[in-house]
Structures are given as C-alpha cells and as structure tokens.
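A closer look at the structure
The lines below spell out each chain.
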Amino acid sequence: MQIVAFANQKGGVGKTSTVVGIAGALDRLGQRVLCVDMDPQADLSIWLGIDIDDGELRTVNDAIFANTPGAAGEAVYKAAWGEQLYCVPSVLDLADRENDGVIAGAFRLSTVLQGLGDRFDVVLIDCPPSVGRLVELALVAATHLVVVTEPAAASLRGVARVLNTMEVVQRHYNHGLQLAGIVINAEKRTSEAALRIREVRDTYADAVWSPVVPSRAVVAAAAGSLAPVSAYGSDGRDVTAVHDAFARKVVDLAVMA
Ligand SMILES: Nc1ncnc2c1ncn2[C@@H]1O[C@H](COP(=O)(O)OP(=O)(O)OP(=O)(O)O)[C@@H](O)[C@H]1O
Ligand SMILES: [Mg+2]
C-alpha cells in the first residue's frame, strides 16, 4: 500500500485541493482510496462531506492518541461522493499533538495505519501548512512525499523547508521515504509565474510533475459546495485532466515499489 503525504510549509498553495483532485481521480480508476486529514483545519474532511461537528465522530486524533496498530481503521468514514473513497477525519484538537513529548511519538501515525493495506490500495495524507510535529508524523508514516507549491517565491521557500524536513525524517525515522514529485498548482499566465516555474524546474529537474495545474475559479467553487471539480463539466475539465495524470503517477509508484 502506497502512503503519499502532500506537504508545503507555506499555507494556501493547494495541498488540500490536490489531495481531493487526485483522490477523486484514483477513485475513478477503481482504486480503494483512504484520505487521512492531518490538518486541524479539517478542510479535507469537510470537502469529502464528513460532518466534523458530530460529537460521536472518531478522528485521526483519537487514533494517534490510542497509538495501537491499525487504530485508524476505527475512524474510517465513507466520503459523501466517489465509489470507494474514504476519510479518516481531523478535528481541531489534533493541533495539541504538535506539542506532545511522547517517547517514540513520531511513529504514532505509522502505527495506527498498520494493516490498512487489506482495505485500501492507496492512502493520501493531507498535511497542515507547517514543518512541525504533525508533518513529521505524516512523513514517518509515508512511503512517498508530494510537495505542492504555487509558482511564487514564498511558496518555493516552503518547498525547500519541506525537503529539508524530509531529509531529517529519512535519516532518523524512515529510510525508505521517497520524493514522488513536486506539483505546481494554480498557475496564472503571468511573467512572474513563468519565472518561478523555470526556477522550480532548474532546481528540482525531473522531480517536478508535468503538467502544471492551471488557476481556475472552479476549484474554490467545488470546495465551497463540497463536490469534486470533475462534477463541473467543461469548467473543470482542464484541472481534472491534470489530476487524472497525477493519479496515474501515484498508481505507478506502486509498480515501481
Ligand atoms: N488550481 C487552482 N486554481 C484556483 N484556485 C485554487 C486552485 N487550487 C487551490 N485553489 C484555491 O486556493 C485556496 C487554497 O487552496 P487549498 O486549501 O487547497 O490550499 P492548502 O495548501 O491546502 O491550504 P492550507 O495551507 O490552508 O491547508 C483555496 O481557496 C482554493 O480554492
Ligand atoms: Mg489544506
């Protein structure tokens, strides 16, 4: 089972939109997809139609707290759309995990995801905009990292910080962790964007995934109505086509493993 974490220290670059887009595309390919929401903002959980105000809801925070093998399996909910699309939701209290000083605490997400390979083909983890403990938990659990960025200077600084964090995690906790790729999201046709895209390609070469995701108002509309961009017909077609291409790359990660 491939476990792919999506991260950038910079906020608002399109991590959650990319996770949702790729999850929907994998679902259309017939994959059994589990989305794990590691962001206390819970944007991913909400977009997948999970009622995060339900007091009975079990969350990734409960699973991490239990810290027993496979505990996340008790917090799996079916998304409101898709065929075999599931979510382990987040909750605001997950933010408290940033300050935990538990022995071997870095392995807790990895532990609670154990054994879920029987139920799912791929796990996508949405990270908060940081390089703190929650991102560390995700990278220790992951087989692969996808860094999402906008073609803007501040976002690119965030890419470098995530890649530094990846190296630390590889060295200390997860030797097998691999960089799957760098996604360039929300490209506007400006000279600044073109400059930054050249900069990313010069710096990270083949790690950069093609094509880039264009900037389209339909992405915010889809998030706002808790629907996939693919439900928007011709308005969403070019964004959906890019997410379809990315989903095939995620499937190929399993072939290469
Ligand atoms: N391709 C796109 N075109 C236009 N707008 C986009 C695109 N991708 C994302 N957005 C918008 O940009 C904003 C941030 O996107 P998103 O929530 O996916 O980013 P994020 O990196 O997950 O943010 P955070 O760091 O807060 O978790 C949202 O309003 C979203 O609708
Ligand atoms: Mg997000």
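Every value quoted in this text rests on a predicted model; they were computed, and no experiment measured them. (Residues numbered from 1 in each chain as written. Chains lettered and ligands numbered in written order. Predicted model: local features only at pLDDT ≥ 70, side-chain atom pairs only at ≥ 80, totals over all residues. Heavy atoms only, no water.)

**Structural notes on the packing of helix H5 (residues 133-141) against helix H6 (residues 153-172)**
- Where H5 contacts H6, the two axes come as close as 10 Å, and the packing angle between them is 55°. With respect to their mutual orientation, H5 and H6 come out oblique. Both H5 and H6 take part in a crossing whose hand is right-handed. On H6, the residues touching Glu-136, Leu-139 and Val-140 of H5 are Thr-165, Met-166 and Val-169.
- Of the residues contributing to the contact of H5 with H6, the split by class is four nonpolar, one polar and one charged. (Axes fitted to C-alpha atoms, helices over the stretch in contact; angles between N-to-C directions. Helix = DSSP H or I, 4+ residues; strand = E, 2+ residues; numbered from the N terminus. Parallel < 35°, antiparallel > 145°, perpendicular 65-115°, else oblique. Left-handed = near helix turned anticlockwise from the far one by under 90°. Contact = heavy atoms within 4.5 Å. Nonpolar A, V, L, I, M, F, W, Y, C, P; charged D, E, K, R; others polar.)

**Topic: unusual backbone geometry**
- In this structure, Pro-211 follows Ser-210 across a cis peptide bond, with omega equal to -5°.
- Inspection of the secondary structure puts Pro-211 in the loop between helix H7 (191-204) and helix H8 (218-224).
- For Ala-205, which is not a glycine, the phi torsion comes out positive at approximately 45°.
- Its location among the elements puts Ala-205 in the loop between H7 and H8.
- According to the relative accessible area criterion, Ala-205 is partly exposed, its value standing at 44%. (Buried < 20%, exposed > 50% of the residue type's maximum accessible area, 1.4 Å probe, protein only.)

**Some points on the UniProt feature "domain: AAA" (unreviewed entry) in the protein chain**
- According to UniProt, the feature "domain: AAA" (unreviewed entry) maps to residues 1-178 in the numbering used here.
- With 34% helix and 16% strand, residues 1-178 has its two end C-alpha atoms placed 14 Å apart. (UniProt positions renumbered as here; feature names shortened; annotations may be inferred.)

**Looking at H6**
- In this model, H6 (20 residues) spans 29 Å end to end at C-alpha, consistent with the 28 Å of a helix rising 1.5 Å per residue.
- Within the sequence span of H6, burial applies to Ser-155, Leu-156, Gly-158, Val-159, Val-162, Leu-163, Thr-165, Met-166 and Val-169.
- Where H6 is buried, its residues meet strand S1 (2-7), H5, strand S6 (144-149), strand S7 (178-184) and H7. (Expected span 1.5 Å × (residues − 1).)

**Quick word on the layout of surface pockets**
- As a volume, the largest pocket reaches approximately 360 Å³.
- Taken together, 23 residues form the lining of the largest pocket, with Gly-12, Val-13, Gly-14, Lys-15 and Ser-17 sitting closest to its centre.
- Taken together, the elements giving at least two residues each to the lining of the largest pocket come down to helix H1 (15-28), helix H2 (43-47) and H8.
- Its residues assigned to classes, the lining of the largest pocket shows 10 nonpolar, eight polar and five charged. (1 Å grid on protein atoms, 1.4 Å probe; cavity = no way out; pocket = protein on both sides within 12 Å on 5 of 7 lines; lining within 4 Å. Points joined across faces, edges and corners; volume = space filled by probe spheres on them.)

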